[in-house]
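Fold and contact review
Each chain, written out:
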Amino acid sequence: MAFGRLPEIDSTRPHPARMWNYWIGGKDYYPIDQEVGEQIAAAFPGVGDIARHSRVCLGRMVRHLVAEEGVRQFIDIGTGLPTHDNTHEVAQRVAPECRVVYVDNDPLVLLHARALLAGRSEGRTDYIECDVRDPGRILAESARTLDFDRPIGLILFGIMGNVIDDDESLAIVRRLVDALPPGSFMAFNDGTGVLDREGREEAIRLAVEQGSTPYVARTPEEIARYFTGLELLEPGIVSTSRWRPEATPFGPPPEVDATCALARKVS
């Protein structure tokens, strides 16, 4: 894949993908991301747990899709900065021939795209610099890498909260899902603010005040609307930490202020 002139990165404003990278212990962020990330964590202490549980939940869903459902193709929208256990790494660890298309609109992610593209030789990874609000372009460019006659895993982790308007966000997801063949899946995860509404709202206020992207925390009932017409896999729509967690002697992990589910497109 050829890269043109890279856009300029504004290191004076925090960015959700970079703050997320800070919360999960990554290294690719600027001082402003750490500064605002710490302010947000002070107001909303659960944000670090959300970030970490979202990452491991993604890995569990991808492994299930590859190992148990036979999925070999993925579109990961709003992928954020590369860290450990990226989608293509998890998928290709199980089936090296897996193909993954990453989509993000952050120039810093573009700078790291060459690392993302270094997947297994048997499979393929690609990167599209695009906003989730342009599903037509995402689908058209994904078709260069993926076969839309075969099942695809659509990953929407922590991205739809950035589309503030409910009708617009639902229409985007419907457009993406409608383009997928039967037997495809949607893996969805987003923040809710059910456990700590005040902390979540203060975190959003702080981020937007410092120039970050606006965000809306939807309830689990509102998030359920994204799955209309799809077949939910067990355990359904649950706290992100509770989606098929690894068994431990201490029982299920505590809930976090994020909701997720994995669903199949039947027809």
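- Under an unreviewed UniProt entry, the name given to the chain is SAM-dependent methyltransferase, and the source organism is Actinomadura chibensis.

Quick word on unusual backbone geometry
- The omega angle of the peptide bond from E234 to P235 is 10 degrees, so this bond is cis rather than trans.
- Relative to the helices and strands, P235 is located in the loop between strand 6 (231-232) and strand 7 (238-239).
- Although it is not a glycine, R244 sits at a positive phi angle of roughly 45 degrees.
- Here R244 lies in the loop between strand 7 and strand 8 (258-264).
- For R244, a relative accessible area of 34% gives the class partly exposed.

Digging into the packing of helix 1 (residues 16-23) against helix 2 (residues 31-43)
- Axis separation between helix 1 and helix 2 bottoms out at 9 Å; the angle between their running directions is 70 degrees. In terms of their interaxial angle, helix 1 and helix 2 are classed as roughly perpendicular. Considering the relative orientation of helix 1 and helix 2, their crossing is right-handed. Facing helix 1, whose interface residues are R18, M19, Y22 and W23, helix 2 presents D33, Q34, V36, G37, E38, I40 and A41.

What about the packing of aromatic side chains?
- Within this structure, the stated rule accounts for four aromatic pairs.
- Taking the centre distance of 4.7 Å and the plane angle of 25 degrees together, the rings of F188 and Y226 count as stacked. Of the two residues, F188 is situated in strand 5 (residues 185-191) and Y226 in the loop between helix 10 (220-224) and strand 6; the sequence distance between them amounts to 38 residues. Y226 matches F188 in its accessibility class, with the two residues each being buried.

Brief notes about the pattern of salt bridges
- Considering all chains together, one arrives at 15 salt bridges under this definition.
- For R52, the salt bridge is made with D49, and the minimal N-O distance between the two is 2.9 Å. You can see R52 and its partner D49 sitting in helix 3 (residues 47-67), three residues apart, about one turn around the helix.
- A relative accessible area of 36% means that D49 is categorised as partly exposed.

About the criteria used
Residues numbered from 1 in each chain as written. Predicted model: local features only at pLDDT ≥ 70, side-chain atom pairs only at ≥ 80, totals over all residues. Heavy atoms only, no water. Helix = DSSP H or I, 4+ residues; strand = E, 2+ residues; numbered from the N terminus. Buried < 20%, exposed > 50% of the residue type's maximum accessible area, 1.4 Å probe, protein only. Axes fitted to C-alpha atoms, helices over the stretch in contact; angles between N-to-C directions. Parallel < 35°, antiparallel > 145°, perpendicular 65-115°, else oblique. Left-handed = near helix turned anticlockwise from the far one by under 90°. Contact = heavy atoms within 4.5 Å. Phe/Tyr/Trp six-rings, centres within 6.5 Å; stacked < 30°, edge-to-face > 60°. Salt bridge = Lys/Arg side-chain N within 4 Å of Asp/Glu carboxyl O.

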